[in-house]
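As a plain string of letters, each chain reads:
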Amino acid sequence: MAKEPVISKIKKNRIIQLISEGKRVDGRGKLDYRDIRVEKGIIGTAEGSAMVCLGQTEVIVGVKVGLNAPYPDTPNEGILTVNAELVPLASPTFEPGPPDERAIELARVVDRGIRSSKAIPLEELCIEPGKRAYILFVDVYVLNHDGNLVDASALAALAALMDTRLLVYRLKADGRVVLDSSIWKPLKVQNYPVAVTIANIGGELVVDPCLDEELAMDAKITITVDKDGKVCAIQKSGAGSFTPDQVLEAIDIAREKAEELRAKVMG
C-alpha cells in the first residue's frame, strides 16, 4: 500500500483562503505555471532523452529502441510502451519495489496522451508486417516530487521522443533484417500533445498545483491537447468532483496553457 502524504488543517485552510482571494502559496496567479526548464539529450546511452524541471518537480525520461514482433492485432504497427518509476529519493512517500498505483496511473496517462493523439505514427515503425517492428520503451523517472507529476512527465516524454534517433534496419530479398549502423534517422513525431493539469480547490480552478495544493484540493483533471487544440485525453483523479461548467472552463484553460508549454519543447 502506497504511503499517502498529509497536510495540516491549518495549512489546508490557508491555501483555500488564499486561492479564494486570487492568490497562491508561492505567489503565482491561478493560471500561472511554475518556472519550466526543458533539456534534451542528457543521457548518452539512450536513443532519446530529456529532463523537465517544473518548479521543484524534476522528471527525466529515457527512450530505448529495440526490435520485436508486432502485436497480432496490429501486425502493421510498431510498439510503444510507457513505464514510470517513482524513485524513492524523490519523496518520503515513494518506496522501493514494484510500481504502485500512482506510478501505474502516471504511466497510463502519459501513454494515453501520446497514443490517442497519434504523436508517433506507429505504422511507420513496422519493418516487416507481422514479423519485425521497432519497439519504443519510454521510461519515466521522477527524481523530485513537488506536485503535478503528470504535466512534467508528459512534457519530458514528448521532448525525449523528439530527441530520439533510430538505427536503420533493412529487409533483404532473402528475408533477413540487416542493421545499417552507418545511418540514423530521427523518430517522426507529430501533433505534439501536451498535458495540462487543473486542480479544483474550494471551487476555484488553478493550473499546475504544487504538492501542498494537491494535498488541499478536492480533485484534479488532466487534459491532453494536441497542436491543433484538439482534446486527446482526459483523466480525473481525487475524491471530489467538477461541475459540467468547470469541465468546460478547464478545457478552455488547457487549450490556452498547452500552447505555452509546447513552446518550451519546440524552442
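Quantities reported herein were computed from a predicted structural model and do not represent experimental measurements. For every chain, the first residue of the written sequence is number 1, and numbering continues from 1 onward in sequence order. Restriction of local features to residues with pLDDT of at least 70 applies here, the model being predicted, together with a cutoff of 80 or more for giving and counting side-chain atom pairs; totals for whole chains, interfaces and linings are based on all residues. By convention in this description, side-chain values take in all heavy atoms of the structure and omit both hydrogens and water.

Chemist: Please clarify how the nonpolar core should be interpreted in this entry.
Modeler: The nonpolar side chains of a soluble globular protein tend to be buried, and buried together. Ranked by size, the top nonpolar core spans 64 residues in total, and within it Leu106, Ile120 and Leu161 carry the most contacts. Comment: elements are numbered from the N terminus, with helices defined as DSSP H or I runs of at least four residues and strands as E runs of at least two. In terms of residue count, the dominant contributor to this core is helix α3 (residues 149–162) (twelve residues). We call two residues in contact when some of their heavy atoms are within 4.5 Å. If near-sequence neighbours (up to four positions away) are discounted, Leu106 is found in contact with Ala84, Leu86, Val140, Val142, Leu149, Val150 and Ser153. Nonpolar cores are built from buried Ala, Val, Leu, Ile, Met, Phe, Trp, Tyr and Cys residues. Side-chain atoms within 4.5 Å join them into one set. Burial status follows relative accessibility: with a 1.4 Å probe on protein chains alone, a residue under 20% of its type maximum counts as buried, one over 50% as exposed, and anything between as partly exposed. In terms of nonpolar packing, the next biggest core, distinct from the first, is built from eight residues, Ile7, Ile201, Val206 and Met217 among them.

Chemist: Just to check I follow, could you spell out the environment of Asp146 for this structure?
Modeler: You can see Asp146 is positioned in the loop between β6 (132–144) and α3. C-alpha separation for the pair Asp146 and Ala90, spaced 56 residues apart in sequence, amounts to 8.8 Å. Setting aside anything within four residues of it in sequence, one finds Asp146 in contact with Arg34, Gln56, Thr57, Cys210 and Leu211.

Chemist: Would you explain the packing of helix α2 (residues 101–116) against α3 in this entry?
Modeler: In helix packing, the relevant descriptors are the interaxial angle and the interaxial distance, both defined with respect to the helix axes. An axis is simply a line fitted to the C-alpha atoms; with a helix, the fit covers only the stretch in contact. Between two such axes, the angle follows the N-to-C directions and lies from 0 to 180 degrees. Where α2 meets α3, the closest approach of the two axes is 10 Å, and the angle between their N-to-C directions is 50 degrees. For the element pair α2 / α3, the angle class is oblique. Of the two elements, α2 crosses α3, and the hand of that crossing is right-handed. Of the residues in α3, those touching α2 at Leu106, Val109, Val110 and Ile114 are Leu149, Val150, Ser153, Ala154, Ala157 and Leu161. Should an angle lie under 35 degrees it is considered roughly parallel, over 145 roughly antiparallel, and from 65 to 115 roughly perpendicular; all remaining angles are considered oblique. Whether a crossing is left-handed or right-handed is set by the direction in which the near helix is turned from the far one by less than a right angle, anticlockwise for left-handed and clockwise for right-handed.

Chemist: Explanation requested: empty space enclosed by the protein in the structure shown.
Modeler: Think of a ball as big as a water molecule: rolled over the atoms, this probe shows where empty space is left. Lining residues are those with an atom within 4 Å of a point, where the points come from a 1 Å grid over the protein atoms alone and group into cavities, where a 1.4 Å probe fits but cannot get out, or pockets, open sets with protein on both sides within 12 Å along at least five of seven lines. Grid points are joined across faces, edges and corners, and a volume is the space filled by probe spheres set on the points. Using the criterion set out here, one finds two cavities of 30 Å³ or more in the structure. Val109, Val110, Gly113, Ile114, Val150, Ala154, Leu158, Pro193, Val194, Ala195 and Thr224 together form the lining of the largest cavity. When contributions to the lining of the largest cavity are tallied by element, the ones reaching two or more residues are α2, α3 and β9 (194–201). Here the element with the most residues in the lining of the largest cavity is α2; it accounts for four residues. Any residue outside Ala, Val, Leu, Ile, Met, Phe, Trp, Tyr, Cys, Pro, Asp, Glu, Lys and Arg is labelled polar, Gly included; the first ten of those are nonpolar and the last four are charged. Broken down by class, the residue content of the lining of the largest cavity amounts to nine nonpolar, two polar and no charged. When its volume is computed, the second largest cavity comes out at roughly 30 Å³.

Chemist: Please explain the side chain of Ser49 as it appears in this structure.
Modeler: One can find Ser49 in strand β2 (residues 48–54). The buried category is assigned to Ser49, whose relative accessible area is 0%. Residues in contact with Ser49, not counting those within four places in the same chain, are Glu39, Lys40, Gly41, Ile42, Ile43, Val61, Gly62, Ala160 and Asp163.

Chemist: Is there a simple way to think about the packing of α3 against helix α5 (residues 244–266) in this case?
Modeler: Contact geometry for α3 and α5: axes closest at 10 Å, N-to-C directions at 35 degrees. Note on packing geometry: the crossing formed by α3 with α5 is right-handed. From α3, Leu155, Leu158, Ala159 and Met162 reach across to α5, where they touch Leu261, Val265 and Met266. Here the contact of α3 with α5 is composed, by residue class, of seven nonpolar, no polar and no charged.

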